[in-house]
Amino acid sequence: MARIIAGVTSSHVPAIGAAIDNGRTQEPYWQRVFSGFERSKEWMAKTKPDVAIVIYNDHASAFSVDIVPTFALGCAAEFPPADEGWGPRPVPVVKGHPELAAHIAQSVILDEFDLTVVNKMEVDHGLTVPMNLLCGSPKEWPCKVIPLAVNVVLFPPPTGHRCFMLGKAIRKAVESYPEDLKVVVFGTGGMSHQISGPRAGLINSKFDKAFLDNLSNNPQKIVRMPHVEYMREAGAEGIEMVMWLVMRGALDAKVDEVYRFYTVPASNTAVGHIILENKKRGAGKKKPSAAKKTKHRSARKGKR
Amino acid sequence: MTRAQNDYDDIPGTFVFDADRSRKGYHLNMFCMSLMKAENRKAFKENEEKYLDGFPLTPEQREAILKRQYNRMLELGGNIYFTAKLGATDGHSFQHMAAVMTNSTQEDYAKMMLGGGRSIEGNRSKSGANKTGKPKSKTGKMSGSKRG
């Protein structure tokens, strides 16, 4: 049986991708950001998932305003990197898992989540930047990827609660898939940022840190947060954080937070990253050894 | 034509790209989307007015595009991920556009971000309904970050 073993959240700032592509990761500004993902790359290499379901949003790359699907599940065998105006990013083609994706589509639609099946799609920085942050820059991505594009560009996006419930439905689907597969779910985007209008540049670290705390330990406290609160407190584009709740819904009610990183800024955005593991099945009361005490890393500590 | 009032209209300095703006801004955004292709960027740069004739824009939208009034574009139904393609066609970094939208210089904007970004305090609400803590600036005005 396939099973979801962990969830990861990560911001997907385009400038992070540009820093990688232009060989600027060693500059002090970018070093501060990338150093926060060193342990995550080790975690990913050790965990060796077979499949990553990546919840992300497209930024006017694959979808214009001609068609705006709320949830679009990538069921293709591969997804090329999109040309976002400067040529496609020099990253590997993302290989899908069409069999599991088709199974998820069928299962969640019958569970009343009317998502859109996509058999041809290019993927932009929203998906490829988190892949870089967790996997580095290999010749081939180390796992299969099922992209789930969520509309957070045209208001209103799905509610946080809807995202959370979809996560639960995805978990049910994965666990009814007969092949033994280790699956991780990535929730991407966020954290606080506004890139549009006179209020651009907004950052709210207090909101972000509370959101991370609740995401780990008390997701029920945030699943009903109204859209206006995300936009007011975390910036108009901070609403991307609803996508993190798909990831959280796919995990156990109680999880082990094995890693956290937060830094301000990457370009215009607060970068937040967290790794949550489901408790090991059949581990009884014994704490899984891999789940050490949470390591909090925070650059620019005490900065508001 | 009146716009229905929404709770998010109270957020200062923010044009939420909702269904109503999307409806009005469709052609503006599709013009921006066309700039994803190199040959279109070239044609636009050669003759902006002529290129824009190919899109059924309102006179206001057309003027906002020609004058690179990025906030006005958002108000008239543009979305930032689309209008950013116009900025990129001009060869500008995103922070250049952010500086234009925030009526700042690129240098000052970049400094503000390095200092932790624009503070939420004083920037929650036009009406003052959602203030918490002590606002550091007058309601409705964009206050920059206090650096230190």
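Conventions used here
- Residues numbered from 1 in each chain as written.
- Chains lettered and ligands numbered in written order.
- Predicted model: local features only at pLDDT ≥ 70, side-chain atom pairs only at ≥ 80, totals over all residues.
- Helix = DSSP H or I, 4+ residues; strand = E, 2+ residues; numbered from the N terminus.
- Buried ≥ 20, exposed ≤ 12 C-beta atoms within 10 Å, placed from the backbone.
- Contact = placed C-beta atoms within 7 Å.
- pLDDT = per-residue confidence, 0-100.
- Pairing = 2+ DSSP bridges.
- Core = buried A, V, L, I, M, F, W, Y, C linked by C-beta atoms within 7 Å.
- Expected span 1.5 Å × (residues − 1).
- Arc of directions from axis to C-beta.

**A closer look at the overall build of chain B**
Here is step 1: Within chain B, the secondary structure is distributed over eight helices and zero strands.
Here is step 2: Counting from the amino terminus, chain B carries its helices and strands in the arrangement α-α-α-α-α-α-α-α.
Here is step 3: Buried residues in chain B amount to 37% of all 148 residues.
Here is step 4: Long-range pairs, those at least 24 residues apart, make up 52% of the contacts in chain B with a sequence separation of at least 6.

**Focus on the confidence of the model for chain B**
Here is step 1: Per-residue pLDDT for chain B averages 89, and the proportion of residues at 70 or more is 86%.
Here is step 2: With pLDDT under 50 throughout, residues 133–141 of chain B is counted as low confidence; its partners more than four residues away or in other chains account for 16 contacts.

**Details of the pairing of strand β7 (residues 144–150) of chain A**
Residue and element names in this part refer to chain A.
Here is step 1: Most of β7 sits inside the fold, with seven of its seven residues counted as buried.
Here is step 2: Sheet topology note: the strand β2 (residues 51–56)/β7 ladder contains six bridges and is parallel. In the sheet register, V51 faces β7, and the bridge partner there is K144.
Here is step 3: With three bridges connecting them, strand β3 (residues 71–74) and β7 associate as antiparallel partners.

**Some words on the nonpolar core**
Residue and element names in this part refer to chain A.
Here is step 1: The biggest cluster of nonpolar side chains holds 131 residues, and the ones touching the most others in it are I53, I55 and M243.
Here is step 2: With eight residues, helix α6 (residues 160–175) is the largest single contributor of residues to this core.
Here is step 3: Beyond its immediate stretch of four places on either side in the chain, I55 contacts L148, V150, V185, F186, G187, T188, M243, V246 and M247.

**Let's talk about helix α7 (residues 205–217) of chain A**
All names here are of chain A.
Here is step 1: Over its 13 residues, α7 extends 18 Å from the first C-alpha to the last, a length consistent with the 18 Å expected when each residue adds 1.5 Å.
Here is step 2: Residues of α7 that are buried: S205, F207, D208, F211, L212 and L215. For α7, the arc enclosing every buried residue in end-on projection is 155°, short of the 170-degree limit, so these residues lie on one face.
Here is step 3: Contacts made by the buried residues of α7 are with α8 (227–234), α9 (244–249), β9 (255–266) and β10 (269–278).

**Quick word on the pairing of β10(A)**
One face of the sheet, then the other: side chains in a regular strand alternate in exactly this way.
Residue and element names in this part refer to chain A.
Here is step 1: For β10, the buried fraction is high: nine of the 10 residues fall into the buried class.
Here is step 2: In this sheet, β10 lies alongside β9 in antiparallel orientation, the contact comprising nine bridges. Its bridge partner being in β10, R260 is matched across the sheet by I274.
Here is step 3: Hairpin connection from β9 to β10: two residues lie between these consecutive antiparallel strands, with S267 at a positive phi of about 60°.

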